[in-house]
Amino acid sequence: MFRRIKNKPLRYSAIVFYLIILFFCALELNFLWLFGYSPSIKDIKSPSINIVSELYTTDGKLIGKYYVENRTPVEYDSISPAVIDALVATEDVRFFQHSGIDVRSLISSMISTATGDRRGASTITQQLAKNLYSTRNRKSQGLIKYIPIVRTVIFKLKEWLTAFKLEKYYSKNEILTLYLNTVPFGNNTFGIKTASKRYFNKEVNKLQVEEAALLVGMLKATTTYNPIRNPDKALDRRNTVLSQMEKYEYLNASEFKKYSQRPLKLNPGSLDEGSDGGSYLRSAVSRYLEKWCEDNDYDLYADGLKIYTTIDSRMQRYAEEAVNGHMKILQKRFENVWGNENPWRTSDGKEILDFPEKAAQRLPYYDFLKKRFNNNPDSINYYLNRTKKMKVFNWDGEKEVQFSTIDSIKYYAKILNTGMMSLDPFNGHIKVWVGGINNKYFKYDHVNQAKRQAGSTFKPFAYLAALESGMNPCDKFTDEAVRIPYSINKGKTIYWEPKNADYRFSGRQMSLRWAMGKSVNSITAQITEKVGAENVVKYAHQCGIESDLKAVPSVSLGPNDVSVFEMVKAYGTFLNKGIRTEPILVEKITDSEGNLIVEFKAEQKRTLTEEIAWLMIYMLRGGMEEPEGTSQALWEWDLWKNNNQIGGKTGTSSDYVDGWYMGVTKDLVTGVWVGADERSVHFKTSQTGEGSRTALPIFGKFMEKVYKDVSLGIKPGPFPKPGVEITREYQCVTAYSRPDTTAIDSAFIDSLYIPFEAPDTLEAPNLIIRSTTNPNVQENRGNQSQENKQPANKKTESPVEVQKSRKEIREERRQNKAKQNN
């Protein structure tokens, strides 16, 4: 073909030109996998940039981000002109004249390199090609990468090709915008907008000339010229950029002098707007959206989504304040209870001597040591007990200590944790999510990842089963010892004899509402036996409990493990008139431009009749309204304006391991769990470890703050009247006595496996019962058996004293509390 060209110089030129075209075609097509990947025209038209996805509350507050590279894009018109001037003057002064490759600069660079003065000649477009398409990473390398000098030439040629493509499809302004949105600025900061926020806490269009010069100067070496780590070097580099701007007439001499004499004035800003980048809520949303992202082909960490949660930032703040305030007090109480003793104990109170060693064996570090030292116990123990400097969680701030691995296990095992969730069951919106006390040190989420024994907070499902079987809140059972048979091990019959939390049986007949409000184990056990444990499980599942539940005789006393999430959802069914609502954590998702991608609506299903659901709320109110109701410690907080009503249930598992409170108002259902992550670590007595003393105060403090914030629109008030006819009897005889804020509610002796004998010296309480037919007639219904008679020297309460109004009692308590504080 080339022989037809008679002119030899022309023929050879044609051959060279043809070979060059052939070479570039082979380069573009990655012939025989020699050259590696090159961006296609499709890649050029739709560049893939990892963009931060942002997490917002329902009231529009940015609370977290998801990213591989922390980058938020910015439009050209939003970039300060000083940034453009500094970039062009420093990196590519002929940027607006060339077409991707600056031949003049290339020749000058080659001459300088030959004389020993190495300097680069890459244009801004070439740098963009390298940053945007990673033309030098492993994916872009072919077999030629094993030839050192040749591979460098190939890399440069691919950058030229990509630069030509970029110049063809994008304007100069668009190239500058792409470049400034992709370049790194150190500290996992990508793009000019993020850098402006990181170092100066301002929008990029507000950057001053010297600030723009500082950021552009960092591009030469982000670590060396980092103004936080190396301020002196960063200042010198900034002034170099300013001198370039003067050289190419972007600044005059007086401006250069003015800006170069200014000191560094950094104002570092938070890129996550109050989130530590790893909060419980952030992690919960990530889990919540995992399947949606997979099904819809979205990358949560790279696609620039704007995720609007159902969380209210104000309520979330109040919940966190309530948790932090009470948990700090609770931790001190726990440490005072145990003193110098170790709290990891068996159910009979014996210390578990090998607890730290057993706990260490569950660590990945232990497996590493086993492999490294061939399972040699001496070597393993040496390293487990070798101390080193570390920072540990402390309620007064991080504490630097000299700890070994064993020391660290002992330290963290003693720290109490919590989980809290608040739900609007009418629309399914989760308003509050507190997964623990500190996400940095305790990653496990105690709202929906952790499951613990529910204790007496599970009792309402037994009373629900009773209502469903035809009973009503006024039906009576006797508080007496019961002996319930059940079968294990292929039909062998054994007996369960539950005891009440205060180790007494009053012998008194109690309505279902009173028994649930007072949390009487003996009556709950009788009800469970009558309706069947399997029906308790059935209705718990219908209300929203998803965990596997064993239908044992003690099921109503909460031996099964459940999550805070499940319990809140299930109680929400009562408040939502019998309609079970699947809680949602995300309301909607938009793209980075604000275009709606998807909206989420809570799934709802009727599982209870409206009548039964209303009766269950009425029963839950018994915790406040019935004598010795276990919620009456809530009188301590300012919650009772406008005839406010609260339904609730306390709960404590065996040995005071788990403390619970489930609180229901006309607007919200809130669940709180408190305990140690290690189940063998717990309080000693009901006076310190009951749910009414560990979890209930968090609810009280939270609701007090919520009611005081009128902007939330959540006001105190009574529950709605029934919307349907109530066919069951429910307004029954009410026993009236001084509210007992020290009432205990524990399953400490309810385990099927832990026998316990109540002391013979315990006394039955004296209560004054007021008849509904004659309010002036009062009857002493305390147990008058010989061994339980009240001692003669013990002062009894007078009827006048007993009949104080709730308002008087509450005021008296406040005055006493004020005196104590003074």
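Worth saying up front: this structure is predicted, and the values here are computed from it rather than measured.

A. Highlighting the overall build of the chain. Per the secondary structure count, the chain includes 29 helices and 24 strands. The buried share of the chain, taken over its 822 residues, is 51%. Of all intrachain contacts in the chain linking residues separated by at least 6 positions in sequence, the fraction that spans at least 24 positions is 71%. Total accessible area on the chain is roughly 39600 Å²; 49% of this is exposed by carbon and sulfur atoms.

B. Structural detail: the packing of aromatic side chains. Within this structure, the stated rule accounts for 28 aromatic pairs. Seen in terms of ring centroids, F393 and Y441 are 6.2 Å apart; in terms of plane orientation they differ by 55°. Their pairing is tilted. Placement of the pair is F393 in the loop between strand 6 (388-392) and strand 7 (399-403) and Y441 in the loop between strand 9 (429-434) and strand 10 (452-453), with a sequence separation of 48 residues. Look at Y441 and you get partly exposed, because its relative accessible area is 21%. Centroid distance W614 to Y730: 5.2 Å. Interplanar angle 75°. Geometry classified as edge-to-face. Taken as a pair, W614 in helix 23 (residues 610-620) and Y730 in the loop between helix 27 (696-708) and strand 23 (768-770) lie far apart in primary sequence, 116 residues in all. Looking at W614, the relative accessible area reads 16%, which means it is buried. Residue classification places Y730 among the buried positions, given a relative accessible area of 19%. Grouping aromatic residues by their ring pairs yields a cluster made of F393, W395, F403, Y411, Y412, Y441 and F442. Over the ring of F95 we find K172, and its NZ or CZ is 4.4 Å from the ring centre. The ring of Y365 has K388 sitting right over it, with the charged end atom 6.0 Å from the ring centre.

About the thresholds
- Residues numbered from 1 in each chain as written.
- Predicted model: local features only at pLDDT ≥ 70, side-chain atom pairs only at ≥ 80, totals over all residues.
- Heavy atoms only, no water.
- Helix = DSSP H or I, 4+ residues; strand = E, 2+ residues; numbered from the N terminus.
- Buried < 20%, exposed > 50% of the residue type's maximum accessible area, 1.4 Å probe, protein only.
- Contact = heavy atoms within 4.5 Å.
- Areas by Shrake-Rupley, 256 points an atom, 1.4 Å probe, with all protein chains shown as cover.
- Phe/Tyr/Trp six-rings, centres within 6.5 Å; stacked < 30°, edge-to-face > 60°.
- Lys NZ or Arg CZ within 6 Å of the ring centre and 35° of its normal.

The values reported here are purely geometric and, on their own, carry no functional implication.
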